[in-house]
Amino acid sequence: MLELKNISYSAEGKQGILKNITLTIEDKKFVVITGPNGGGKSTLAKIIAGIEKPQSGQILLDGEDITSLSITERAKAGISFAFQQPVRFKGVTVKDLITLASGQQLSTETACQYLSEVGLCARDYIDREVNASLSGGELKRIEIATVLARKTKVSLFDEPEAGIDLWSFKNLIDVFEKMHEEIQGSIVIISHQERILNIADKIIVLSNGEILKEGTKQAVLPSLLNVSEGCRFMKEENR
Amino acid sequence: MNAVLKSLLEQVSDLHDIPAGAYNIRNNGHSEGRNSTENIQIKGKTDGKSGIDIIVKANTKNEFVHIPALITEGGINDLVYNDFYIGENADVTIVAGCGVHNCSDEASMHEGIHRFFLAKNAKVKYLEKHIGEGDGKGERIINPQTHIFAEENSYMEMDTVQLKGVDSTNRVSTAKLAEGATLVIKEKIMTHGNQTAETSFEVELDGKGSSANLISRSVAKESSKQIFRSIINGNADCYGHSECDAIIMDSGVVAAIPEITANHLDATLIHEAAIGKIAGDQLTKLMTLGLTEKEAEQQIINGFLK
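As the structure is a computational prediction, the values presented were derived from the model and not from experiment.

Visitor: Account for the interface of chain A and chain B, with residues named and values stated.
Guide: In this complex, chain A contributes 20 residues to the contact, which on the side of chain B involves 17 residues. If you list the elements that add at least two residues to the side of chain A that touches chain B, you get α2 (71-77), β6 (79-82), α3 (94-102) and α6 (136-150) of chain A. Class assignment for the residues of the side of chain A that touches chain B results in 11 nonpolar, five polar and four charged.

Below you can see the structure in the form of structure tokens.
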């Protein structure tokens, strides 16, 4: 179980990116964090992964305080993080990266399985370098595969759908559903996609650094969809 | 062969023992052993210079030549001239490489001047690995020169690697390419401490359809300094590309000085250079996979120089 208690974060020149956030992510739960751009979602994920340090508050993993742990220590404690913008490496192959992620020597066959799961024809990719020759969508899927290979207690994904084409989107949903079934840990996804929100056990709406709403999809989703209707209404009114 | 020599030989040419096929092993300026084969003749120079001629018969296919040069003492100043004559349609791999093991306080230096004469349609893969070792204060200096004369439709690929222990190196490579000839050079260099490495390429693309691709990847750590110079002259309808990619760490310094000149309307010449420290997000990504910062750095460099 992951608990955030009274987390606040300000950056230089921008106060109140996160304001006193308290939330709990239970084991085996599929949690989606959504909300407008600039609302603090990515910052929250980076704080969980240890990439950013909050000015105040506490983070507990299975009751243990991990607030002062480094990125590496948190990774070892069981937190994985798929970046919104995956990083490119000259010379490091897809297999190297998946092997590093799994933390053990992998056979080509096992490494290929992770790639197949994210919809990449493994044979074509396994020996390729994670460099500029890969498209944004390909990188994104490899990024997701690195998290699959880690099999940790908490898996964080920052907008996994960004850059993934419509054709592959169904496949992505399948990946998360399968992960949800198999993995013992919890999954936290930052997303704007209705279809991802639709498979959530819990939705958290983060806006302007605060939690606006939190609850089951039945409780939260209808009100979210209303927002867009409201916009349409405003447009009509402006005519 | 003593243990030091054996270990050096293994490091520069992956040989565990005397190789099969044609070879010449040079140690402290003298030949330690030599073998010619039916297709590949190796003979000592007769013009008074120290060195060998390597003559590969036309149509020789898939044969190897090993010519490691080793220095295992301090105060040695070894200058060698090796000339390679590759016959028409031959296809051979040449493994050179130089190791300097210096436990003394006197500098040791190896200067290898290699000339390659590739006849029509000849194909050569040339592998060169340089290392320095030993705990003396004496410098380990390796200054290789490679001069390539490539006739019609010949192909030469040169892989050159220097990853540790060489205090100072000045590497000069020149090439003249005739019609349809191709040259590929891949260079990998890592320097540390107060080491210096200077690389100069000068390529004349003289023939129609000739092409050259020079790729240099390097890492400069601590207070080491590197200079990469490349000159490509496109004198015909040709293609030339050079690329210098460098990672700097600590107080390392890298300079890239490219020069491309199109002397012909149909010459296509490109130069790319990128120098910078390891990107912070690369380290962060690997740390989120459970690597420490040091381990992440090592992985990134290993990949980069692979």
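Once the structure has been displayed, the description carries forward.
Visitor: Please provide a residue-by-residue account of unusual backbone geometry, values included.
Guide: For Asn6 of chain A, which is not a glycine, the phi torsion comes out positive at approximately 50 degrees. Structurally, Asn6 of chain A can be placed in strand β1 (residues 2-11). The phi angle at Asp14 of chain B is positive, at roughly 55 degrees, despite the residue not being glycine. Residue placement: Asp14 of chain B occurs in the loop between α1 (3-13) and β1 (22-27).

Visitor: Break down the sheet that holds strand β8 (residues 186-190) of chain A for me, with residues and values.
Guide: Residues and elements named next belong to chain A. The strand order across the open sheet built from six strands is β6-β7-β8-β3-β9-β10, with neighbouring strands paired in mixed fashion. Of all strands in the sheet, those bounded by a partner on one side alone are β6 and β10 (210-215). Between one strand axis and the next, the sheet turns by 15 degrees as a mean value, whatever way the strands run. The pairing of strand β3 (residues 30-34) with β8 spans four bridges and is classified as parallel.

Visitor: Let's hear about the nonpolar core: which residues, and what values?
Guide: Ranked by internal contacts, the top residues of the largest apolar core, which has 84 residues, are Val31, Leu115, Ala145 and Leu156 of chain A. Considering each element in turn, this core owes the most residues, seven residues, to α6 of chain A. With residues near it in sequence (within four places) discarded, Ala145 of chain A still touches Ile98, Tyr114, Leu115, Glu117 and Val118 of chain A. In this structure, Ile25, Ala96, Leu118 and Leu205 of chain B belong to the second largest nonpolar core, which totals 40 residues.

Thresholds applied
- Residues numbered from 1 in each chain as written.
- Chains lettered and ligands numbered in written order.
- Predicted model: local features only at pLDDT ≥ 70, side-chain atom pairs only at ≥ 80, totals over all residues.
- Contact = placed C-beta atoms within 7 Å.
- Helix = DSSP H or I, 4+ residues; strand = E, 2+ residues; numbered from the N terminus.
- Nonpolar A, V, L, I, M, F, W, Y, C, P; charged D, E, K, R; others polar.
- Pairing = 2+ DSSP bridges.
- Axes fitted to C-alpha atoms, helices over the stretch in contact; angles between N-to-C directions.
- Core = buried A, V, L, I, M, F, W, Y, C linked by C-beta atoms within 7 Å.
- Buried ≥ 20, exposed ≤ 12 C-beta atoms within 10 Å, placed from the backbone.

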